[in-house]
Amino acid sequence: MRPSRALIDLDALRHNYRLARERHGGRAFAVVKANAYGHGVLPCVRALAGEADGFAVAFIDEARALRDSGIVAPILLLEGVFDTAELIDAARLDLWPAVHHRAQIEMIEKAVLPAPLYVWLKVNSGMNRCGFLPGAVHQAWKRLVVSGKTKHIGFMTHFARADEPDCPVTGEQIRVFDEATHNLPGERSMANSGAILAWPGARRDWARPGIMLYGADPLPREGNGLQPVMTLESRVVAVRELALGEPLGYGGRFIAPRPTRVGLVAIGYADGYPRSAPDGTPVAVDGLYATIAGRVSMDMLTVDLTDLPDAGVGSEVELWGARVPVNRVAQGVNTISYELLCNVKRVAFEYRGGGN
Ligand SMILES: *Cc1c(COP(=O)(O)O)cnc(C)c1O
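Residues numbered from 1 in each chain as written. Predicted model: local features only at pLDDT ≥ 70, side-chain atom pairs only at ≥ 80, totals over all residues. Heavy atoms only, no water.

Scanning the protein chain from N- to C-terminus turns up 11 helices and 18 strands. The principal-axis extents of the C-alpha atoms in the protein chain amount to approximately 75 × 40 × 35 Å. In the protein chain, which comprises 356 residues, the proportion classed as buried is 54%. Across the protein chain, the fraction of contacts at a sequence separation of at least 24, relative to all contacts at a separation of at least 6, is 66%. Carbon together with sulfur atoms contributes 52% to the accessible area of the protein chain, which is approximately 15,200 Å² in total. Here the protein chain carries 39 positive and 39 negative side-chain charges, and the mean point of each set is 4 Å from the other. (Helix = DSSP H or I, 4+ residues; strand = E, 2+ residues; numbered from the N terminus. Buried < 20%, exposed > 50% of the residue type's maximum accessible area, 1.4 Å probe, protein only. Contact = heavy atoms within 4.5 Å. Areas by Shrake-Rupley, 256 points an atom, 1.4 Å probe, with all protein chains shown as cover. Lys, Arg positive; Asp, Glu negative; His and termini not counted. Charge placed at Lys NZ, Arg CZ, Asp CG, Glu CD.)

Structure below.
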């Protein structure tokens, strides 16, 4: 069997959820959109079921899968609904849609619903991606009230730069949100992972932790007690010696600067490891530091084992996990942990822990 797998530590997931909720206070939606950031949504949700106050997904298909698997906790739809049929389903399944543009309000006004809706009115407090401008919030709220179709109207906003602890923009977004919702009744939700960790002023009724649940710290300074959830690993399946000056792999990008022992590892970009990883990207071979040498291929990659004489065929290679933080790999390829984790596919997924 191809020795490539994503090991998912469900106890770490639960630890991180508890930590997020403790840091924030109040309640917390576990954000499990995009297949739980690539970790496999159903096992993750099952591990959190006794614990999480609610879940958040991007859109209704993701929520249906949760309801189908028996989840009765609140489920927030971060993108809201796209048409009236979805709105009716949302009411029937007691899903909590975000309402972030006028067409969604019109849909609610016109729809014949099987039950009243719990909605979250989204305020554009400065990210300028979606949501109602501060000056339009009161009227949007009023239209929802007058529609008679809602049982609760919460208020939410999203931060553009919560992962920058020294940036004044987040403080300003908090101020704008509070002013726009001043005197309106209903629950509040602002904080994503970055804000939970760095912006105590953003704490309200509900937090929305995503990436921190999976143990990847969104902040530049780490050490927040998070535990990595995914270990992406494979094994060395062949070893070869390169003479000084010999090229390795596609494009001959790596030229042996010395006699070099190269390990061939059974994982590649079709499994979600980034093709753009440069020579020198860290990996752990049998727990010891080594680096990528040569371009990552679709099904394989190569690592420099010259300094690890004990490593050879069968050695375990961690691409990211407890020894190689996914953030380190992400930095090297100009992206964020989110994208790397979401992209993992084709490998076997194995789950540990998570029992109640
Ligand atoms: C994805 C998402 C989150 C979670 O963000 P993290 O940075 O992963 O914690 C929270 N709120 C909204 C609206 C989102 O889209």
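The next subject is the pairing of strand E10 (residues 230–242). When strand E1 (residues 5–9) meets E10, the two strands line up antiparallel, connected through four bridges. By the bridge assignment, leucine 7 is partnered in E10 with threonine 231. Of the strand pairs in this sheet, E10 and strand E17 (residues 316–320) are connected by four bridges, and their pairing is antiparallel. Paired with leucine 232 across the strands is tryptophan 320, a residue of E17. (Pairing = 2+ DSSP bridges.)

Our focus in this paragraph is the nonpolar core. Membership of the largest hydrophobic core comes to 115 residues, with the highest contact counts inside it found for Val32, Phe55, Leu121, Tyr273 and Trp320. It is helix H1 (residues 10–24) that contributes the most residues to this core, six residues altogether. Two domains share this core, each providing at least three of its residues, namely domain 1 (10–214) and domain 2 (230–352). For leucine 121, the contacting residues outside a window of four places in its chain are Val99, Phe132, Val137, Ala140, Trp141, Leu144, Ile153, Gly154, Phe155 and Met156. The next biggest cluster of nonpolar side chains, apart from the first, holds six residues, and it includes Leu248, Phe254, Val262 and Ala293. (Core = buried A, V, L, I, M, F, W, Y, C linked by side-chain atoms within 4.5 Å. Domains from an automatic or database assignment.)

Not every one of the 13 residues close to the ligand is listed here, only the nearest: Lys33, Tyr37, Ser193, Ile211 and Tyr338. A total of 390 Å² of accessible area belongs to the ligand in isolation, and the protein chains cover 92% of it. Looking at the shell around the ligand, its residues break down into six nonpolar, four polar and three charged. (Near = heavy atom within 4 Å. Nonpolar A, V, L, I, M, F, W, Y, C, P; charged D, E, K, R; others polar.)

The axes of two packed helices give the description: the angle between them and the distance between them. Running from N to C, helix H6 (residues 102–110) and helix H7 (residues 134–147) cross one another at 15°; their axes reach a closest spacing of 9 Å. Taken together, the axes of H6 and H7 are roughly parallel relative to one another. Crossing geometry of H6 relative to H7 is assigned as left-handed. Where H6 approaches H7, its residues Arg102, Ile105, Glu106, Ile108 and Glu109 are matched on the opposing element by Ala140, Arg143, Leu144 and Ser147. Considered class by class, the residues forming the contact of H6 with H7 number four nonpolar, one polar and four charged. (Axes fitted to C-alpha atoms, helices over the stretch in contact; angles between N-to-C directions. Parallel < 35°, antiparallel > 145°, perpendicular 65-115°, else oblique. Left-handed = near helix turned anticlockwise from the far one by under 90°.)

With four of its five residues buried, E17 lies for the most part within the structure. As paired elements, strand E14 (residues 282–285) and E17 share two bridges and run antiparallel to each other. Opposite alanine 284, over in E17, you have glutamate 318 as the bridge partner.

Time to look at the domain arrangement of the protein chain. Domain boundaries assigned for the protein chain yield domain 1 (10–214) and domain 2 (230–352). Between the C-alpha centres of domain 1 and domain 2 there is a distance of 37 Å. If you look at the interface, domain 1 gives nine residues, while domain 2 gives eight residues. Taking both partners together, domain 1 and domain 2 bury about 840 Å²; carbon and sulfur atoms supply 66% of that area. Viewed at the interface, domain 2 and domain 1 are joined by zero salt bridges. The tally of links from domain 1 across to domain 2 stands at two residue pairs in polar contact (both at pLDDT 80 or more). (Buried area = accessible area lost by both parts, 1.4 Å probe. Salt bridge = Lys/Arg side-chain N within 4 Å of Asp/Glu carboxyl O. Polar contact = N/O pair within 3.5 Å; in protein donor to acceptor, adjacent residues only side chain to side chain.)

On to the environment of serine 315. Turning to its location among the elements, serine 315 is positioned in the loop between strand E16 (301–304) and E17. Separated by 77 residues in the primary sequence, serine 315 and alanine 238 place their C-alpha atoms 9.9 Å from one another. Non-local contacts of serine 315, meaning those with residues more than four positions away in its chain, are made with Ser234, Arg235, Val236, Val285 and Asp286. Separated by 2.8 Å, the side chains of serine 315 and aspartate 286 make a polar contact.

All right, on to helix H8 (residues 169–181) then. Between the first and last C-alpha of H8 there are 18 Å, a value that for 13 residues agrees with the 18 Å anticipated at 1.5 Å per step. Buried residues of H8: Thr170, Gln173, Ile174, Val176, Phe177, Ala180 and Thr181, and no others. Taken end-on, H8 shows its buried residues confined to a sector of 165°, consistent with a single buried face. Against H7, strand E7 (150–156) and strand E8 (188–189) lie the buried residues of H8. (Expected span 1.5 Å × (residues − 1). Arc of directions from axis to C-beta.)

A word on the packing of H1 against helix H3 (residues 41–48). Between H1 and H3, the shortest axis-to-axis distance is 9 Å and the interhelical angle comes to 55°. Judged by the inter-axis angle, H1 sits oblique to H3. In this structure, the crossing between H1 and H3 has a hand that is right-handed. The segment H1 lies against H3, with Leu10, Leu13, Arg14 and Tyr17 engaging Pro43, Cys44, Ala47 and Leu48. The residue inventory of the contact of H1 with H3, partitioned by class, reads seven nonpolar, no polar and one charged.

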